[in-house]
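These are the residues of each chain, in order.
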Amino acid sequence: LRREGELFERWLSLLRLKSEVEQRRETPINFSGAEVSGQRLILDVVKGTIIAQEIVGQPRMIRGDDGKTFTGVIDHVERSSLVLYCDTPYAQESVPRKGLLVYDTRRAQSSIKRQFASLDAVRYDRASRADLRNLLVGAQEVRVPSKIEGLEFVQPDLDDDKKAAVATAMGTHDFLVIEGPPGTGKTKFITELILQFARQNPGARMLLSSQTHNALDNALQRVRLLAAKAKIDLRLARIGRRGDEKISADVSDLILENGVETWLKSAALSSECFLGEWAERNGIAIEFVRTGMALSNLRLASVKRRVAEEDAKRLRTLKEELEAVVKNLRSKPESGDEYREAEERLDVCLRDLSISEAELSERQQAWRKALDGARGFADLRDDLEVLDEADMESLEQAYVNHAEGGEKCRQLIDIVEEWRDRFGRSSDFNGAYLARCDVVAGTCVGVAGASLQSVEFDLCIVDEASKATPTEMLVPLAKSKRWIIVGDSKQLPPYVGDLVENPKLLEQYGLDKDAVKETLLDQLIAKLPDFARTSLLSQHRMVRPIGDLVSQCFYNGTLRNVNDTVDPFLAKCQVMPRPVTWFTTAKLKDRWEHEIKQGGRREFRNFAELREIEKILLRLQFAASQKGSNYEVVLLSGYSAQVGEMDNLLLRLARSIPDLKASFGTVDSFQGREADVAIYSVTRSNEAGEIGFLKERERLNVALSRAKVGLAIVGDSHFCDNVTGDNPFIDVLTHIRRHPTDCMIREASS
């Protein structure tokens, strides 16, 4: 009990710490100009303001003078401007020309509330499985998976380790952890498991969750394609905002709102068929009934518009009268009480007039819609301009009652249209739609929405588990009855920088850095018995020389690298002499880093490395032209200031490298993704031998495991050989020197 209490108290303290940190968020950014471009706001930052690259991805908002808010996520940062990707498009005239861009904590606070709710559900045995708490704290033993044999695999090229992992997962009753290093096919495993589970358990519900949109969408798309090929009937849903650019266009039709719309169209078509068949059986011309109903809609809309016009006219007249009274009394000092009373009456009138005019606008819009609807009927089109309300009522009755049963037909149509009008507007319908889906996919916190409150799942798969905090993972876990946790504890943990920067705040909540950084994946790996843990070890993504480097330096040589398809054009065109090449700047006079302050943080750039990267890109363009196909290339650095310079470099080279699909990013932002060629800029080089957070092995692991055919490391090898303290670069340089056939250190040219 004590152990259980400590664990849950630690998680509770972590959430309280998060909540307080959110309330202390970043200082506002002053802007002096705003331009609308679709869903993006381009904001000119006030001169002298320093913008840190770290704010990319932050939710921010602008508050207008009228109280209206403009919300979005920072998409891109330049020296004197930034781009806010907004939730919805805004009109240029509605956006303030100057003001403050403040941190929007609403989503983060909503996320924290959802995590509090899930933590309570698990702690007080209200999760889908009441014994989840006991399993997590070790008070109840995890059961041995049942032996599953004779599976017919949908993907014929599965490795033996994936087949074994799928069979174990199929027989799991409680928890199973799948450790999947880079390139070992975690998505392929997840796809096969979903298809096998659906095939063996018709009608079962599966929840797929991850902290990265990319992982979710890759798995969903693969599941959809293979399910169709294998003739496995699956209904899929993706939790996410419509129009969110982070969600792949390939699965946008699976987004909840889009799925509900498709469901509505299908249901509407069925109801139309029913009404048509019913009318035909009862000798009713359904088109006549619809014509009468269109007239009824127009007549009622006309009445409501007229009443709204009269009310607005009355209030405008009253406003003019009261303004005249106030103006007259203002010049009479002795009429103080009378003047204040008249001003109060004017304020009330102005408020009522504002409400009345808004209602009038709605009534006019509804009338125009009803008029367009009536014009859709050929019998009415030419007469609508001359019909008054009495004429409409008379014609309406004639059309509806043209045959016995016409009124009943009208009632049926009313019921169907009322249902249609309500359908899709209520979260109840969203919940009903999701309950009929076989696979629901969303981020860990995203699956806590109201639509899924009452939906339980038979199987929960959490991908990229190393990127989730314990309380984030509890959200999907609390909704399911068994759990497959997929991740890699040797890659980057969730970002907790803001939580560990204030030692006094940590002490206040009884936490330390290790407690904040520990993930639920770490805890499960440490606590679960061997039969509840397995690994994927056949590595396909990286060509063998790159795979061997990653295996030896980060996984104790356990990976089986099966990809021997070396790209000959990289060496032939002098891009890099080996698939792994370190371009060392050690002998360059300007090899040193340049430190700058950004938002109170130390940031670093390295111009010598940028020059070398430019040369590599130009040689890679030549290789692409000789090969006759594009290369996907990514430029990576641990430091956002260097990433900003990489962005500028790619903009400058855009016309010179037409055959390169080039992107850039921090190492952290690129976890879970891949490219043909990765160019990693070490960036740091100083006489003190300091590398800051580059000492973290997980970050270097991610940086060096993104490339498929070519890995270029650009940096000062002498500096990296002599770093003080923890130094993961030593193992990398040692491996490169010991494997000259696959790897090389090459001098960068001045």
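Note: the structure precedes this text.
In this text, all values refer to a predicted model and were calculated from it rather than measured experimentally.

Basis of the calculations
- Residues numbered from 1 in each chain as written.
- Predicted model: local features only at pLDDT ≥ 70, side-chain atom pairs only at ≥ 80, totals over all residues.
- Heavy atoms only, no water.
- Helix = DSSP H or I, 4+ residues; strand = E, 2+ residues; numbered from the N terminus.
- Buried < 20%, exposed > 50% of the residue type's maximum accessible area, 1.4 Å probe, protein only.
- Contact = heavy atoms within 4.5 Å.
- Areas by Shrake-Rupley, 256 points an atom, 1.4 Å probe, with all protein chains shown as cover.
- Lys, Arg positive; Asp, Glu negative; His and termini not counted.
- Charge placed at Lys NZ, Arg CZ, Asp CG, Glu CD.
- Pairing = 2+ DSSP bridges.
- Axes fitted to C-alpha atoms, helices over the stretch in contact; angles between N-to-C directions.
- Left-handed = near helix turned anticlockwise from the far one by under 90°.
- Nonpolar A, V, L, I, M, F, W, Y, C, P; charged D, E, K, R; others polar.
- Patch = residues over 30% accessible without salt bridge, like charges linked within 9 Å, V, L, I, M, F, W, Y side chains within 5 Å.
- Salt bridge = Lys/Arg side-chain N within 4 Å of Asp/Glu carboxyl O.
- Core = buried A, V, L, I, M, F, W, Y, C linked by side-chain atoms within 4.5 Å.

Another aspect to go through is the overall build of the protein chain. Along the backbone of the protein chain there are 24 helices and 23 strands. Dimensions along the principal axes, computed over C-alpha positions, put the protein chain at roughly 95 × 80 × 65 Å. For the protein chain, the residues scored as buried account for 51% of the 750 residues in total. Counted over contacts in the protein chain with a minimum sequence separation of 6, partners at least 24 positions apart contribute 76%. Of the roughly 35800 Å² that the protein chain leaves accessible, carbon and sulfur atoms contribute 48%. Across the protein chain, 107 positive and 117 negative side-chain charges occur, with their mean positions spaced 4 Å apart.

This paragraph deals with the sheet that holds strand S2 (residues 40-45). Strand order around the closed barrel formed by 6 strands is S1-S2-S5-S4-S3-S6, with antiparallel pairing between neighbours. Direction aside, neighbouring strands of the sheet carry axes that sit 45° apart on average. For strand S4 (residues 69-77) and strand S5 (residues 81-86), the ladder comprises 5 bridges, and the chain directions are antiparallel. Directly across from Gly-72, in S5, lies its bridge partner Cys-86.

We now examine the sheet that holds strand S19 (residues 631-637). The sheet built from 6 strands is open, its strands ordered S20-S19-S21-S22-S16-S23 with parallel pairing. If you trace the sheet from one side to the other, it starts and ends with strand S20 (660-666) and strand S23 (743-747), each paired once. Geometrically, the sheet is characterised by an average inter-axis angle of 20° between neighbouring strands, direction not taken into account. Relative to strand S21 (residues 675-681), S19 runs parallel, the two being bridged by 5 bridges. Bridging across to S21, Leu-636 finds its partner in Tyr-680. Across the face of the sheet, helix H21 (residues 640-653) comes into contact with S19, S20 and S21 while running at roughly 160° to S20.

Another point: the packing of helix H20 (residues 607-627) against H21. In contact at an axis separation of 11 Å, H20 and H21 are set at 35° when each is read in the N-to-C sense. Both H20 and H21 take part in a crossing whose hand is right-handed. On the side of H20, the interface is formed by Phe-607, Glu-609, Leu-610, Ile-613, Glu-614, Leu-617 and Leu-618, while H21 contributes Gln-642, Glu-645, Met-646, Leu-649, Leu-650, Arg-652 and Leu-653. When its residues are assigned to classes, the contact of H20 with H21 shows 9 nonpolar, 1 polar and 4 charged.

With respect to the helices and strands, the residue Thr-584 is situated in strand S16 (residues 580-584). Owing to a relative accessible area of 3%, Thr-584 belongs among the buried residues under this scheme. Excluding anything up to four places from it in sequence, Thr-584 contacts Gly-715, Asp-716, Ser-717, Ile-745, Arg-746, Glu-747 and Ala-748.

This part covers a negative patch on the surface. On the surface, Glu-338, Glu-341, Glu-343, Glu-344 and Asp-347 cluster together to form a negatively charged patch. Examined against the element boundaries, Glu-344 turns out to sit in helix H9 (residues 336-375).

All right, on to the nonpolar core then. Ranked by size, the top nonpolar core spans 48 residues in total, and within it Leu-136, Phe-175, Val-440, Leu-477 and Ile-485 carry the most contacts. Leaving out residues up to four positions away in the same chain, Leu-477 has contacts with Leu-132, Phe-175, Cys-460, Val-462, Trp-483, Ile-485 and Leu-520.

From the geometry alone we can't say anything about function, so treat these as descriptive.
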